[in-house]
Amino acid sequence: MRLAFLIPPMMLLAACGSNEKAAGDATEVSINAEGDGGGVKIRTGKDGGKISIGGEGAAINIDVPDFVDLDIEGDFDIDGVKLYPGSNVTTVNVDANDKGGVDKARVELGFTSPAAPAKAADWMASEFAKNGVKVTRSGDTLAGKTKDGEDFTINFGPDGANAKGKVLITKG
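Note that the coordinates shown come from a computational prediction; the quantities given were computed from them, not determined experimentally. (Residues numbered from 1 in each chain as written. Predicted model: local features only at pLDDT ≥ 70, side-chain atom pairs only at ≥ 80, totals over all residues. Heavy atoms only, no water.)

Caption draft 1: Broad picture of the overall build of the chain. Within the chain, the secondary structure is distributed over three helices and 10 strands. Starting at the N terminus and ending at the C terminus, the chain contains elements arranged as α-β-β-β-β-α-β-β-α-β-β-β-β. Expressed as a percentage of the 172 residues in the chain, the buried residues total 37%. Put simply, of all contacts in the chain between residues at least 6 apart along the chain, 50% involve residues at least 24 apart. Roughly 9,200 Å² of accessible area belongs to the chain as shown, and the carbon and sulfur atoms make up 52% of that amount. (Helix = DSSP H or I, 4+ residues; strand = E, 2+ residues; numbered from the N terminus. Buried < 20%, exposed > 50% of the residue type's maximum accessible area, 1.4 Å probe, protein only. Contact = heavy atoms within 4.5 Å. Areas by Shrake-Rupley, 256 points an atom, 1.4 Å probe, with all protein chains shown as cover.)

Written out as structure tokens, the structure is:
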């Protein structure tokens, strides 16, 4: 199965934690990776989760205990650009498919930022420029292409005085 290389990092992602978040602030993670010979599914959040690995003639289902929370913020970046300082990732959804020789992936992250949408978008646009990544801006939405060719959009919306948004990265 060509997606087998995803299993170790996804298991680490499901198991790693950070004691810095409050108990009710767990990042919800959903990963779905499929290939011609089977797939991997991971669902985890504040109450733990499940890992399912299925293939031709075999299946493994593992319950994952609550490891407090994931530290997605520290590891996430697009070509060296992180979310606005102090941002928190609230959801992660990954859907990868490698069937029939076609490799497609969609990663969606929900987040909150401690700044107004325009300020957070300004900061990120500036960081992309410093890193040589061309982005276009429409209101408080940034769009571009990573150095590896994946398309991305980052939407910032109001959440009181702060921002709430979504990062979408697509391949194929």
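Having seen the model, we can carry on.
Caption draft 2: Highlighting the side chain of Thr-146. Relative to the helices and strands, Thr-146 is located in the loop between strand S8 (141-145) and strand S9 (151-159). A relative accessible area of 10% places Thr-146 in the buried class. Dropping the residues within four chain positions of it, Thr-146 is found in contact with Ile-78, Asp-79 and Phe-152.

Caption draft 3: Spotlight on the packing of aromatic side chains. For the structure shown, the criterion picks out three aromatic pairs. Taking the centre distance of 5.6 Å and the plane angle of 80° together, the rings of Tyr-84 and Trp-123 count as edge-to-face. Within this pair, whereas Tyr-84 is found in the loop between helix H2 (72-75) and strand S5 (88-99), its partner Trp-123 is found in helix H3 (residues 117-130), the two being separated by 39 residues in sequence. Taking relative accessible area as the criterion, Tyr-84 reaches 13% and is therefore assigned buried. Overall, Trp-123 belongs to the partly exposed group, its relative accessible area being 26%. (Phe/Tyr/Trp six-rings, centres within 6.5 Å; stacked < 30°, edge-to-face > 60°.)

Caption draft 4: Representation of the nonpolar core in the model. Counting residues in each nonpolar core, the largest one holds 23 residues, and the members touching the most others are Ile-78, Met-124, Phe-128, Ile-154, Phe-156 and Val-167. Of all the elements in the fold, those that place two or more residues in this core are S5, strand S6 (102-113), H3, S9 and strand S10 (162-171). The dominant element in this core, judged by the number of residues it contributes, is H3, at five residues. Look past the residues within four positions of Ile-154 in its chain and what remains in contact with it is Ile-78, Phe-111, Met-124, Phe-128, Asp-140, Thr-141, Leu-142, Lys-166 and Val-167. (Core = buried A, V, L, I, M, F, W, Y, C linked by side-chain atoms within 4.5 Å.)

Caption draft 5: Quick look at the pairing of S5. Bridge analysis of S5 against S6 gives 11 bridges, and the strand direction is antiparallel. Bridge assignment links Ala-96 to a residue of S6, and that residue is Ala-105. The antiparallel hairpin formed by S5 and S6 contains two residues in its connecting segment, where Gly-100 sits at a positive phi of about 60°. (Pairing = 2+ DSSP bridges.)

Caption draft 6: Quick peek at the pairing of strand S7 (residues 135-138). Pairing geometry for S7 and S8, over four bridges, is antiparallel. Bridging across to S8, Ser-138 finds its partner in Thr-141. Taking the residues between adjacent antiparallel strands as the criterion, S7 and S8 are bridged by two residues, where Gly-139 takes a positive phi near 65°.

Caption draft 7: Representation of the confidence of the model for the chain within the structure. Across the chain, pLDDT averages 75, with 56% of residues at or above 70. Between residues 1-23, whose pLDDT stays under 50, and residues either more than four places distant or in other chains, the model counts 46 contacts. (pLDDT = per-residue confidence, 0-100.)

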